[in-house]
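# Architecture at a glance
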Amino acid sequence: DSGVTQTPKHLITATGQRVTLRCSPRSGDLSVYWYQQSLDQGLQFLIQYYNGEERAKGNILERFSAQQFPDLHSELNLSSLELGDSALYFCASSPRTEGGYTFGSGTRLTVV
Amino acid sequence: GQQVMQIPQYQHVQEGEDFTTYCNSSTTLSNIQWYKQRPGGHPVFLIQLVKSGEVKKQKRLTFQFGEAKKNSSLHITATQTTDVGTYFCAGQPYGSSNTGKLIFGQGTTLQVKP
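The notes below deal with the structure included here. (Residues numbered from 1 in each chain as written. Chains lettered and ligands numbered in written order. Predicted model: local features only at pLDDT ≥ 70, side-chain atom pairs only at ≥ 80, totals over all residues. Heavy atoms only, no water.)

What follows deals with the pattern of salt bridges. As enumerated under the stated definition, the model contains five salt bridges over all chains in all. In this structure, A:Arg26 engages A:Asp29 in a salt bridge whose closest nitrogen and oxygen atoms are separated by 3.2 Å. A salt bridge links B:Arg60 to B:Asp83; the nearest nitrogen and oxygen atoms lie 2.9 Å apart. One end of the pair, B:Arg60, is in the loop between strand 6 (55-58) and strand 7 (61-65); the other, B:Asp83, is in the loop between strand 8 (71-76) and strand 9 (85-93), and 23 residues separate them in sequence. (Salt bridge = Lys/Arg side-chain N within 4 Å of Asp/Glu carboxyl O. Helix = DSSP H or I, 4+ residues; strand = E, 2+ residues; numbered from the N terminus.)

The next subject is the sheet that holds strand 8 (residues 74-78) of chain A. Residues and elements named next belong to chain A. With respect to topology, four strands assemble into an open sheet ordered 1-3-8-7, the strand pairing being antiparallel. At either end of the open sheet lies a strand with only one pairing partner, and these are strand 1 (5-7) and strand 7 (64-68). Strand-to-strand twist in this sheet, taken as the mean axis angle between neighbours without regard to direction, amounts to 15°. Pairing between strand 1 and strand 3 (residues 19-24): three bridges, direction antiparallel. Along strand 3, the bridge assignment pairs Gln 6 with Cys 23. (Pairing = 2+ DSSP bridges. Axes fitted to C-alpha atoms, helices over the stretch in contact; angles between N-to-C directions.)

Tallied over the entire structure, the rule returns 16 aromatic pairs over all chains. Ring plane angle 80° and centroid distance 5.2 Å describe the contact between A:Tyr35 and B:Phe104, whose orientation is recorded as edge-to-face. Highlighted residues: A:Tyr35 in strand 4 (residues 31-38) and B:Phe104 in strand 10 (residues 103-104), drawn from two different chains. Residue B:Phe104 is classed as buried on the basis of its relative accessible area of 5%. When the centroid spacing of 6.1 Å and the interplanar angle of 75° are considered together, the rings of A:Phe103 and B:Phe104 count as edge-to-face. Linking A:Phe103 in strand 10 (residues 102-103) with B:Phe104 in strand 10, this pair reaches from one chain into another. B:Phe104 matches A:Phe103 in its accessibility class, with the two residues each being buried. An aromatic cluster of three or more residues is present, and its members are A:Tyr33, A:Tyr35, A:Phe45, A:Phe90, A:Tyr101, A:Phe103, B:Tyr35, B:Phe45, B:Phe88 and B:Phe104. (Phe/Tyr/Trp six-rings, centres within 6.5 Å; stacked < 30°, edge-to-face > 60°. Buried < 20%, exposed > 50% of the residue type's maximum accessible area, 1.4 Å probe, protein only.)

Okay, the sheet that holds strand 7 of chain B next. Residues and elements named next belong to chain B. Reading across from one edge, 1-3-8-7-6 is the order of the five strands in this open sheet, with antiparallel pairing throughout. Only two strands of the sheet have a single partner each, and these edge strands are strand 1 (4-7) and strand 6. The average angle at which neighbouring strand axes cross in this sheet is 15°, direction not considered. Where strand 6 lies against strand 7, four bridges are found, and the strand directions are antiparallel. Bridging across to strand 7, Lys 57 finds its partner in Thr 62.

Residue and element names in this part refer to chain A. As for its placement among the helices and strands, His 73 is situated in the loop between strand 7 and strand 8. Take His 73: its relative accessible area is 10%, and that puts it in the buried class. Polar contacts involving the side chain of His 73 include one to the side chain of Asp 71, which spans 2.7 Å. (Polar contact = N/O pair within 3.5 Å; in protein donor to acceptor, adjacent residues only side chain to side chain.)

Looking down a regular strand, the side chains alternate between one sheet face and the other. Residues and elements named next belong to chain A. With eight of eight residues buried, strand 4 lies mostly within the body of the structure. Of the two faces of strand 4, both are covered, the one formed by Ser 31, Tyr 33, Tyr 35 and Gln 37 as well as the one formed by Val 32, Trp 34, Gln 36 and Ser 38. The pairing of strand 4 with strand 5 (residues 42-50) spans eight bridges and is classified as antiparallel. By the bridge assignment, Trp 34 is partnered in strand 5 with Ile 47. Pairing of strand 4 with strand 9 (residues 87-94) involves seven bridges; the strand directions are antiparallel. When the sheet's bridge partners are listed, Ser 31 is paired in strand 9 with Ser 94.

Below, the structure is given as structure tokens:
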């Protein structure tokens, strides 16, 4: 157990639907990062939150949004899902904005 | 945009042989980190290099950061079957220390034949 908790582990949904992925960072970590991992594109940075505020944004689609709550857990919302959104979504956390990440075990999203 | 290229994409070695993966950034990096992802698992942090020309060792693993802080390598001596997995480098672009955002390379997948 890395200390970063992601739920659910697996999600199967239909095109056009909306899903929410949840992440609880390691205790004491203020930064939360979301990455998408697909076979052909490696780990793609989506978005970062630091202590409740958005700190950096990557190539995140407009259909995707995220937030970090006062207890520091974060949610990634994916809407109007397409087949191409099928991927492994990782959440990672770090104490501040430097140093190594601790990754969660990921949510495998399958859009059918 | 900022890119981190990693080669080779795949490497098959016989147990006991050495292995090296190389990482090259399009921009100067503040630091570079290395992660290992076992099949079916999540990336696990191995090490961070910060200084120009830095070399760090962890048992059979040797990590180097280039003088220009744009490239890095990971060398494994005498591979074992437990080394199987995908090794990622991840660079923090210079000037982005207020974000902590990392740009990941595509990874090198290592297979070790016993």
